[in-house]
Amino acid sequence: MTWTADAELLLKQWWNEGYSATEISHKLGSRGVWKTRNAIIGKVHRMGMARRAPSAPKHARKSRAGATRPRSKINSKTNTRVMERPKPLRVVPVKPADAEREGISFEELTANTCRWPVGTGTGAKQKFCGCQIDPFATQPYCTEHMARSASKATPEQREEISQRMKRYHAKKRAERAAA
């Protein structure tokens, strides 16, 4: 399709007002002139109109829920922005008891088995807890591993859970060996 003089005039007006190529495309489409975003950009280029600075990426414009980024405050005395330091993340160390545990392979996992990684294997050698979980649960871990993964647990609580898990898995190994 060719560009009409009216469409070119509207394009120039809207471009100078700061509308994006996509917005101009939609506005022209509502008037019966169907042009794509790329057609708008090409015409702007051929008309020799001024380029605009690229806009910030969408992920930088909108704040995501739960995203941790430094916040800024305005210092009223100097009228300058002061950046706050982000809060450090709490690291929950992996217990050695998991490294000793026998687990199940990836192929053996089902919808109702715990997916907590155990052992020191990687890739195809990686093993998982494999304990039964509630079929209606929304988390991929058994009760003990969910409690251990929660950052609210104290180191003593995590150690107690680890010891219970050691005893549980030793009992399961003994039952399998006896069977």
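About the criteria used
- Residues numbered from 1 in each chain as written.
- Predicted model: local features only at pLDDT ≥ 70, side-chain atom pairs only at ≥ 80, totals over all residues.
- Heavy atoms only, no water.
- Salt bridge = Lys/Arg side-chain N within 4 Å of Asp/Glu carboxyl O.
- Helix = DSSP H or I, 4+ residues; strand = E, 2+ residues; numbered from the N terminus.
- Buried < 20%, exposed > 50% of the residue type's maximum accessible area, 1.4 Å probe, protein only.
- Phe/Tyr/Trp six-rings, centres within 6.5 Å; stacked < 30°, edge-to-face > 60°.
- Lys NZ or Arg CZ within 6 Å of the ring centre and 35° of its normal.
- Core = buried A, V, L, I, M, F, W, Y, C linked by side-chain atoms within 4.5 Å.
- Contact = heavy atoms within 4.5 Å.
- 1 Å grid on protein atoms, 1.4 Å probe; cavity = no way out; pocket = protein on both sides within 12 Å on 5 of 7 lines; lining within 4 Å.
- Points joined across faces, edges and corners; volume = space filled by probe spheres on them.
- Nonpolar A, V, L, I, M, F, W, Y, C, P; charged D, E, K, R; others polar.

Undergrad: Got a minute to help me understand the pattern of salt bridges in this structure?
TA: Side chains that differ in sign of charge can pair as their charged atoms come close. Enumeration according to the criterion identifies 3 salt bridges in this entry. Taking the shortest distance from any N to any O, the salt bridge between Glu 8 and Lys 43 comes out at 3.0 Å. Here Glu 8, found in helix H1 (residues 5–17), pairs with Lys 43, found in helix H3 (residues 37–46); they are 35 residues apart in sequence, far enough to count as distant. According to the relative accessible area criterion, Lys 43 is buried, its value standing at 13%. Measuring nitrogen to oxygen at the nearest pair gives 4.0 Å for the salt bridge that ties Glu 160 to Arg 164.

Undergrad: Can you walk me through the packing of aromatic side chains in this structure?
TA: In this description, a pair of aromatic rings is defined by centroid distance and the angle of the planes. Scanning all chains against the criterion turns up 2 aromatic pairs. The residue whose ring lies beneath Lys 35 is Trp 3, and the NZ or CZ to ring-centre distance is 4.8 Å.

Undergrad: Help me understand the nonpolar core, please; the structure alone is not making it clear to me.
TA: Soluble globular proteins tend to bury their nonpolar side chains together. Of all hydrophobic cores here, the largest spans 12 residues; its members are Trp 3, Ala 7, Leu 10, Leu 11, Trp 14, Trp 15, Ala 21, Ile 24, Leu 28, Ile 40, Val 44 and Met 49. At the level of secondary structure, the elements contributing two or more residues to this core comprise H1, helix H2 (21–30) and H3. Discounting chain neighbours no more than four positions away, the residues touching Ile 40 are Trp 3, Leu 11, Ala 21, Ile 24, Ser 25, Leu 28 and Lys 35. If you look at the next biggest cluster of nonpolar residues, it comprises 9 residues, including Cys 114, Trp 116, Val 118 and Met 165.

Undergrad: In this structure, what is going on with the layout of surface pockets? I would like to understand it.
TA: Take a probe with the size of a water molecule and roll it over the atoms, and the empty space left behind shows itself. In this model, the second largest pocket occupies a volume close to 170 Å³. In this structure, the second largest pocket is lined by Glu 102, Gly 103, Ile 104, Cys 129, Gly 130, Cys 131, Gln 132, Tyr 168, His 169, Lys 172 and Arg 176. For the lining of the second largest pocket, the class distribution of residues is 4 nonpolar, 4 polar and 3 charged.

Undergrad: Help me understand the environment of Thr 110 in this model?
TA: One can find Thr 110 in the loop between helix H5 (96–100) and strand S3 (117–118). Along the primary structure Thr 110 and Gly 130 are separated by 20 residues, whereas in three dimensions their C-alpha atoms are 8.5 Å apart.

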